[in-house]
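Descriptive analysis of the structure
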Amino acid sequence: MFDSIQFSSIGEFFSMGGYAFNVWTVYTLFVLFFAINLYFPLIRKKQILSEQKRRLIVNREMQTLKNDDGENS
Amino acid sequence: MVRPGEHDILLTSMHNLNSRQESAVQRANYMWMWFSKLGSPKWFYELSGKWLPWLVVAMSLLLVVGITWALLFVPPDYQQGNTIRIMYIHVPFASISLAFFPLMAVAGTITLVWRMKLADMVAKTAAPLGAWFTALALASGSIWGSDIWGTWWIWDGRLTSMLLQFFLLVGVISLRSALEDAEAAAKACAVLSIVGCINVFVIKYSVDWWNTLHQPSSGFSLSDQAPNPPEVWIPLVIMIFAIYLFFAVSLILSIRNEILVRERRSQWVEELVQGT
């Protein structure tokens, strides 16, 4: 299996037969794009959940305040 | 005139007809229930949560195999040398980017006709992802062409129609954010997506219609003598499947977020939020 590797050394692999810039730029773009498109939805989910949690807590506190007012008057 | 005895037969057959009609109605009801269940955000959220780990595992496996194969084992092209390795990124992204407008058009039609909530969420989240896919296809093609064609850009049929798709997608995104009324925005985007499908045919056939610098589709062959032997196209097929899975995973992640935002006042989301 390793016989069919097209490069004889690491240096040759990185130089890509003179096309290092083209090949590695495209693969770098791909990795960046891949990471961004998986990472951002996960960050966003955390953000949404914490926002909603805060909203629920505020709502509950408002409710108890209202109830207290009702008892006092 | 009904003779005695025949009466029973007549009744039985009438009964049969009725039960058959009833079962047809029942089947239609089941179909409708299944259909509306499919459109239920809660149902989708739960089902996609079960599917996601498997999709991610399959995607990672295919990506590792595909990229290793493409970078190390594919023989250099006799004309293009090692730039052939760019193909394993460029072709999957370019071909999958053509799926976005049809997807958004189907989702848009469902939104217009049945007003299914989930369909509009799909349409909304697909547009930015489609713009990303199209941009990466354009960028990788441009970097590939800069050496092989000797130019970064040329206004030929394939490249121009692809750039038009990018602008159309940006148009759909800005149209949605420009209209304040969410329902009106959904309808307008649905119509634009349906119209935008025309451009997909232009992109697809541009290499056949016009004499362009971009090569036409090469096709796959099992023969060793073919210009594209299996050792060249099998890793390409693996990469196409891998990127399709990546498309599915990132779309599902965004749809799930959209569900959490739009359904935030529903009981199940509140329970889910409290559980975190």
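Residues numbered from 1 in each chain as written. Chains lettered and ligands numbered in written order. Predicted model: local features only at pLDDT ≥ 70, side-chain atom pairs only at ≥ 80, totals over all residues.

1. Topic: the overall build of chain B
- Secondary structure summary: chain B contains nine helices and zero strands in total.
- Residues classed as buried in chain B amount to 34% of the 276 residues present.
- In chain B, the proportion of contacts linking residues at least 24 apart, taken out of those at least 6 apart, comes to 76%. (Helix = DSSP H or I, 4+ residues; strand = E, 2+ residues; numbered from the N terminus. Buried ≥ 20, exposed ≤ 12 C-beta atoms within 10 Å, placed from the backbone. Contact = placed C-beta atoms within 7 Å.)

2. Considering the environment of Ile 194 of chain B
Residue and element names in this part refer to chain B.
- Relative to the helices and strands, Ile 194 resides in helix H7 (residues 182-209).
- Here Ile 194 falls in the partly exposed class, since 17 other C-beta atoms lie within 10 Å of it.
- Put simply, Ile 194 and Ala 107 are 87 residues apart on the chain and 9.5 Å apart in space, counted from C-alpha to C-alpha.

3. Side note on the interface of chain A and chain B
- In this complex, chain A contributes 26 residues to the contact, which on the side of chain B involves 30 residues.
- For the side of chain A that touches chain B, the per-class residue count stands at 16 nonpolar, seven polar and three charged. (Nonpolar A, V, L, I, M, F, W, Y, C, P; charged D, E, K, R; others polar.)

4. What to know about unusual backbone geometry
- The residue Met 16 of chain A is not glycine, and still its phi comes out positive at about 50°.
- Take Met 16 of chain A: it is sitting in the loop between helix H1 (10-15) and helix H2 (20-72).

5. A closer look at the packing of helix H5 (residues 117-148) of chain B against helix H6 (residues 157-178) of chain B
All names here are of chain B.
- Where H5 meets H6, the axes come as close as 9 Å, and the angle between the chain directions of the two elements is 155°. By the angle between their axes, H5 is roughly antiparallel relative to H6. You can see that H5 and H6 cross each other, and the crossing is left-handed. Contact residues: H5 offers Lys 124, Ala 127, Pro 128, Gly 130, Ala 131, Thr 134, Ala 135, Ala 137 and Leu 138, while H6 offers Met 162, Leu 163, Gln 165, Phe 166, Leu 169, Val 170, Val 172, Ile 173 and Arg 176. (Axes fitted to C-alpha atoms, helices over the stretch in contact; angles between N-to-C directions. Parallel < 35°, antiparallel > 145°, perpendicular 65-115°, else oblique. Left-handed = near helix turned anticlockwise from the far one by under 90°.)

6. Some points on the environment of Thr 160 of chain B
- The topology assignment puts Thr 160 of chain B in helix H6.
- Put simply, Thr 160 of chain B and Asp 208 of chain B are 48 residues apart on the chain and 14 Å apart in space, counted from C-alpha to C-alpha.

Just geometry here; none of it tells us what the structure is for.
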